[in-house]
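# Structure assessment
Chain by chain, the residues run as shown.
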Amino acid sequence: MNEKASVPITSVRYLLQAAQEQGVETDNILESLGVSAADVAQMETFPAYKYGMLYQNMMWLMQDESFGMLAGGKIPNGTFRMMCYCIIHARSLAHALYRIGDFYEICRGATVKPTLVKKGRYAKVTLGQVASSEMPIDSLVQTQSSETIRTTLSMWHHFISWLIGRRLSLKAAYFTTPRPQDVEYYKTLFQSEVKFDQHANAIIFPASYLEMPIVQTDDSLRGFLKTAPYQLLVMVDNDNSLKSQVMAMLGKDFSREMPSAEEVASVLNMSVSTMRRRLTEENTSYQKIKDECRKEAAITYMNAPQLSINDIAGLMGFDEPSAFFRSFKKWTGMTPGEYRKSEEYMKFDRSVSSN
């Protein structure tokens, strides 16, 4: 369905190539998701949830949760879940980031960790090395592809955004790699200035974010882990429109209260009237974007067989499943139960089960 979120096909090809270089046969994995290598060669985008499942399969096959990211070593499956449990009750974003750094100092496998540095009005999260690492971070980075560095920084950016329940608006993103040909995708992904050939890989943001509370709970964490790494992979569409920027602000977590039009306009450094006028020029509106995002997320979650309808209602921010039933039928013309009996879902479910 066109309403589903997607990722650039280059991300899929990078993942497949990385797996193939480590001796993994990828054709069967793709087939289990209902696509072929020939399809990937011709596609421009790839369904986001299938990409998430592809990523999950790769991590399981490699027995490495850091597959496709800069970690300096294999990280045992389950590590990310335990890290989340360690920080979910942190009192602020800064507290959570320091805890993450401490966690990676003692967890098995990783030699790279996110490191928080605060200086004046701005703060940065950079990729640093754990104390026990024998290889300097600069030497390790030199052996990695630009895609690996980009994916690593992007995932940490999205994870931080999820923790505070709003997109972490960046001042800039720094990369040690040379300027790539797809620099526009970097700008779209990070929604900020991007600089290359820098001394470190980092995201820079206003230090005021560090005092924000962690808004996620044990309940929302359970839902997040069931769908991971979906919310870490997909936050923006691959264009530079204002609609894409607004969608980036809304994110993919609907278990929290959505920001108002005034809040979004303020972050985008424009008045509400200007934002509304520009969205009208793009044949949309703030309310339409919210509805589209919610519909897209609902269909994505409905395509996750491991999630019950009650789970999805919670992920979508509905206190009562009956309210979710009504909204889903309004969006799709079917109740959740009818959708899961539909031909499209059954085809998707069979492809997942066969894996």
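Residues numbered from 1 in each chain as written. Predicted model: local features only at pLDDT ≥ 70, side-chain atom pairs only at ≥ 80, totals over all residues. Heavy atoms only, no water.

## Some thoughts on the packing of aromatic side chains
- Following the criterion strictly, the structure yields 17 aromatic pairs and no others.
- Where Phe 175 meets Tyr 186, the ring centres are 5.1 Å apart and the plane angle is 90°; that geometry is what we call edge-to-face. You can see Phe 175 sitting in the loop between β5 (172–174) and α9 (183–190) and its partner Tyr 186 sitting in helix α9, a full 11 residues away along the chain. Considered together, Phe 175 and Tyr 186 belong to a single accessibility category, that of buried residues.
- Centroid distance Phe 175 to Phe 190: 5.6 Å. Interplanar angle 65°. Geometry classified as edge-to-face. Residue Phe 175 is found in the loop between β5 and α9, and its partner Phe 190 is found in helix α9; the two are separated by 15 residues along the sequence. Of the two residues examined, Phe 175 and Phe 190, each falls in the buried class.
- An aromatic cluster of at least three residues, connected via ring pairs, comprises Phe 80, Phe 103, Tyr 104, Trp 156, Phe 159, Trp 162 and Phe 224.
- Note that Arg 150 overlies the ring of Tyr 186, its terminal NZ or CZ placed 4.9 Å from the centroid.
- Just above the ring of Tyr 122 sits the side chain of Lys 171; from NZ or CZ to the centre is 5.4 Å. (Phe/Tyr/Trp six-rings, centres within 6.5 Å; stacked < 30°, edge-to-face > 60°. Helix = DSSP H or I, 4+ residues; strand = E, 2+ residues; numbered from the N terminus. Buried < 20%, exposed > 50% of the residue type's maximum accessible area, 1.4 Å probe, protein only. Lys NZ or Arg CZ within 6 Å of the ring centre and 35° of its normal.)

## With respect to the layout of surface pockets
- The space that makes up the largest pocket amounts to roughly 720 Å³.
- In this structure, the largest pocket is lined by 33 residues; those nearest its centre are Met 59, Glu 65, Asn 77, Phe 80 and Pro 229.
- At the level of secondary structure, the elements contributing two or more residues to the lining of the largest pocket comprise α4 (48–62), α5 (79–87), β3 (112–119) and α8 (146–164).
- It is α4 that provides the largest number of residues to the lining of the largest pocket, a total of 6 residues.
- For the lining of the largest pocket, the class distribution of residues is 22 nonpolar, 8 polar and 3 charged. (1 Å grid on protein atoms, 1.4 Å probe; cavity = no way out; pocket = protein on both sides within 12 Å on 5 of 7 lines; lining within 4 Å. Points joined across faces, edges and corners; volume = space filled by probe spheres on them. Nonpolar A, V, L, I, M, F, W, Y, C, P; charged D, E, K, R; others polar.)

## Let's talk about helix α10 (residues 218–227)
- The complete set of buried residues in α10 reads Ser 220, Leu 221, Gly 223, Phe 224, Leu 225 and Thr 227.
- Of the surrounding elements, those touching the buried residues of α10 are α5, α8, α11 (230–233), α15 (286–302) and α16 (309–315). (Contact = heavy atoms within 4.5 Å.)

## With respect to the confidence of the model for the protein
- When pLDDT is averaged across the protein, the result is 84; 92% of the residues are at 70 or more.
- Low pLDDT, under 50, characterises residues 347–355; the predicted model gives this stretch 14 contacts beyond four residues in sequence or across chains. (pLDDT = per-residue confidence, 0-100.)

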